[in-house]
Amino acid sequence: MQSDSSALPKSVTAEKVLEVRHWTDELFSLRVTRPASFRFRSGEFVMLGLMGEERPLLRAYSIASPSWDDGLDFFSIKVQDGPLTSRLQHIKEGDTILLGRKPTGTLVLDALTPGKRLYMLSTGTGIAPFASLIREPEAYEKFDQIILTHTCRNVADLGYGRRLVDSLERDPLVGEMVGGKLTYYATTTREDFPTKGRITDLIQDGRIFADLGIAPLNPREDRVMICGSMAMLRDTKSIVESLGFTEGSNANPGDFVVERAFVD
Ligand code: A2P
């Protein structure tokens, strides 16, 4: 079957790939056109994919660009035998990609009660929704400090986040708000780097708070967003719950929210 738009289900639109960037052998990002009718809240995810033999092959991806941006950014791993990413990793500028019409998710500012500091805890491609949120002016209006943590196996895996954070000062919308409010805390687990260790361990042994010179994580002042692998979500969630944080949702805002980093 051809991927002509007549064969497309109503739940998706055909978009054009504007840019592809390969960060490592295992990580790439892409930018695609945004339909005029596509509305979402920074931090949400959407179905993304390609036409398969008979039907579209779609996976949920966090949108890595903010809600005010003209295009839509995504950050993906490459799974060599993954049904979608084994193909998606070969996509090129000008190709067609399928985009779901209904973004959704709980990793949004609306699902959190007011607080002083906002922690965004991520591993691997779990940084994607935070790439969106750190460019969202509302995040800086609502919180005095935003602490973005990103933990990866190797130093090269941090490249996407590092570059994004570095570019923020020049960002036309949030550039001036970011100064002094955004703290970026990167760590690796399998290669030498100034800060080493899993974020779960760095929270539990207090190293992150000592490094940043701030009070230990507490539900009176802090709000937390968590995005990573299933194991990371489970362990991080259990730590914040043991500290007295309660989980929020769109219907019931709380002290922390969790989202799985949808991979393959
Ligand atoms: P580690 O190297 O110790 O496994 P992955 O690529 O497997 O998703 O891992 C991305 C990063 O998340 C790695 O640095 C990895 O550390 C870390 N990680 C994996 N599992 C957990 C977990 N349960 N809690 C916290 N961090 C984790």
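What this report covers is the structure whose coordinates are included nearby. Predicted model, so just to flag it, every value in this text is computed and none were measured. (Residues numbered from 1 in each chain as written. Predicted model: local features only at pLDDT ≥ 70, side-chain atom pairs only at ≥ 80, totals over all residues. Heavy atoms only, no water.)

### Section: the overall build of the chain
Turning to step 1, where the next piece is worked out: Summing up its helical and strand segments, the chain has eight helices and eleven strands in all.
Turning to step 2, where the next piece is worked out: Taking 18 Å as the expected radius of gyration for a compact globule of 264 residues, we find that the chain reaches 18 Å, a close match to that expectation.
Turning to step 3, where the next piece is worked out: Dimensions of the chain, computed from the C-alpha atoms along their principal axes, are close to 60 × 40 × 35 Å.
Turning to step 4, where the next piece is worked out: When the 264 residues of the chain are sorted by exposure, 54% land in the buried category.
Turning to step 5, where the next piece is worked out: Within the chain, contacts between residues at least 6 apart in sequence are counted, and of these 73% link residues at least 24 apart.
Turning to step 6, where the next piece is worked out: As displayed, the chain has an accessible area near 12200 Å², and 48% of this comes from carbon and sulfur atoms.
Turning to step 7, where the next piece is worked out: When the 32 basic and 37 acidic side-chain charges of the chain are each reduced to a single mean position, those positions are 2 Å apart. (Helix = DSSP H or I, 4+ residues; strand = E, 2+ residues; numbered from the N terminus. Rg over C-alpha atoms; globule rule 2.2 N^0.38 Å. Buried < 20%, exposed > 50% of the residue type's maximum accessible area, 1.4 Å probe, protein only. Contact = heavy atoms within 4.5 Å. Areas by Shrake-Rupley, 256 points an atom, 1.4 Å probe, with all protein chains shown as cover. Lys, Arg positive; Asp, Glu negative; His and termini not counted. Charge placed at Lys NZ, Arg CZ, Asp CG, Glu CD.)

### Side note on the site of the ligand
Turning to step 1, where the next piece is worked out: Taken together, Thr123, Thr151, Cys152, Arg153, Thr189, Arg190, Arg198, Thr200, Ala231, Met232 and Asp235 are the residues near the ligand.
Turning to step 2, where the next piece is worked out: Between the ligand and Thr189, the relevant distance is 2.6 Å, taken from an oxygen atom to a side-chain nitrogen or oxygen of the residue.
Turning to step 3, where the next piece is worked out: Between a nitrogen atom of the ligand and a main-chain N or O atom of Met232, the distance comes to 3.5 Å.
Turning to step 4, where the next piece is worked out: Counting residues per element, the ones that place at least two in the shell around the ligand are β8 (145–152) and α8 (230–242).
Turning to step 5, where the next piece is worked out: Per element, the largest residue contribution to the shell around the ligand is three residues, and it comes from α8.
Turning to step 6, where the next piece is worked out: A class-by-class count of the residues in the shell around the ligand yields three nonpolar, four polar and four charged. (Near = heavy atom within 4 Å. Polar contact = N/O pair within 3.5 Å; in protein donor to acceptor, adjacent residues only side chain to side chain. Nonpolar A, V, L, I, M, F, W, Y, C, P; charged D, E, K, R; others polar.)

### Details of α8
An α-helical turn contains 3.6 residues, so a residue and the one three or four places further along point in the same direction.
Turning to step 1, where the next piece is worked out: An ideal rise of 1.5 Å per residue puts 18 Å on 13 residues; α8 measures up with 18 Å between its terminal C-alpha atoms.
Turning to step 2, where the next piece is worked out: When α8 is considered as a whole, its buried residues turn out to be Met232, Leu233, Thr236, Ile239 and Val240. The arc that holds the buried residues of α8, viewed along the axis, is 135 degrees, so those residues lie on one side. For α8, the exposed residues lying more than 90 degrees away from the buried face are Met230, Arg234 and Ser242. (Expected span 1.5 Å × (residues − 1). Arc of directions from axis to C-beta.)

### Digging into the packing of aromatic side chains
Turning to step 1, where the next piece is worked out: Scanning the model with the defined rule gives five aromatic pairs in all.
Turning to step 2, where the next piece is worked out: Plain terms: the ring middles of Phe38 and Phe40 are 5.8 Å apart, the flat faces sit at 50 degrees to each other, and that makes the pair tilted. Of the two residues examined, Phe38 and Phe40, each falls in the buried class.
Turning to step 3, where the next piece is worked out: Aromatic ring contacts, followed pair by pair, group Trp23, Phe75 and Tyr160 into a single cluster.
Turning to step 4, where the next piece is worked out: Above the face of the Trp23 ring, Arg21 is positioned so that its terminal group lies 4.1 Å from the ring centre. (Phe/Tyr/Trp six-rings, centres within 6.5 Å; stacked < 30°, edge-to-face > 60°. Lys NZ or Arg CZ within 6 Å of the ring centre and 35° of its normal.)

### Topic: the nonpolar core
Turning to step 1, where the next piece is worked out: With 36 residues, the main nonpolar core has Ile134, Tyr140, Leu148, Leu182 and Met225 as its most contacted residues.
Turning to step 2, where the next piece is worked out: Every element with two or more residues in this core is listed here: β7 (117–123), α2 (128–133), α3 (137–142), β8, α4 (159–167), β9 (182–188) and β10 (222–228).
Turning to step 3, where the next piece is worked out: The element best represented in this core is α2, accounting for four residues.
Turning to step 4, where the next piece is worked out: Each residue touching Met225, except ones within four places of it in the same chain, is listed here: Leu107, Val108, Leu109, Leu112, Leu118, Tyr119, Met120, Leu121, Phe130, Leu133 and Val257.
Turning to step 5, where the next piece is worked out: Within the second largest apolar cluster, 20 residues are counted, among which are Leu121, Met232, Leu233 and Phe245. (Core = buried A, V, L, I, M, F, W, Y, C linked by side-chain atoms within 4.5 Å.)

### A word on the side chain of Arg117
Turning to step 1, where the next piece is worked out: Relative to the helices and strands, Arg117 resides in strand β7.
Turning to step 2, where the next piece is worked out: The class for Arg117 is buried, based on a relative accessible area of 5%.
Turning to step 3, where the next piece is worked out: For Arg117, the side chain forms a polar contact with the side chain of Glu221, separated by 2.7 Å.
Turning to step 4, where the next piece is worked out: Leave out the neighbours within four places in its chain, and Arg117 touches Phe143, Gln145, Ile147, Ile214, Ala215, Asn218, Glu221, Asp222 and Arg223.

### Remarks on the environment of Asn250
Turning to step 1, where the next piece is worked out: Along the chain, Asn250 turns up in the loop between α8 and β11 (256–260).
Turning to step 2, where the next piece is worked out: Given the relative accessible area of 34%, Asn250 is considered partly exposed.
Turning to step 3, where the next piece is worked out: Put simply, Asn250 and Arg101 are 149 residues apart on the chain and 19 Å apart in space, counted from C-alpha to C-alpha.
Turning to step 4, where the next piece is worked out: Apart from residues no more than four positions distant in its own chain, Asn250 is found in contact with Arg41, Gly105, Thr106, Val108 and Ala111.

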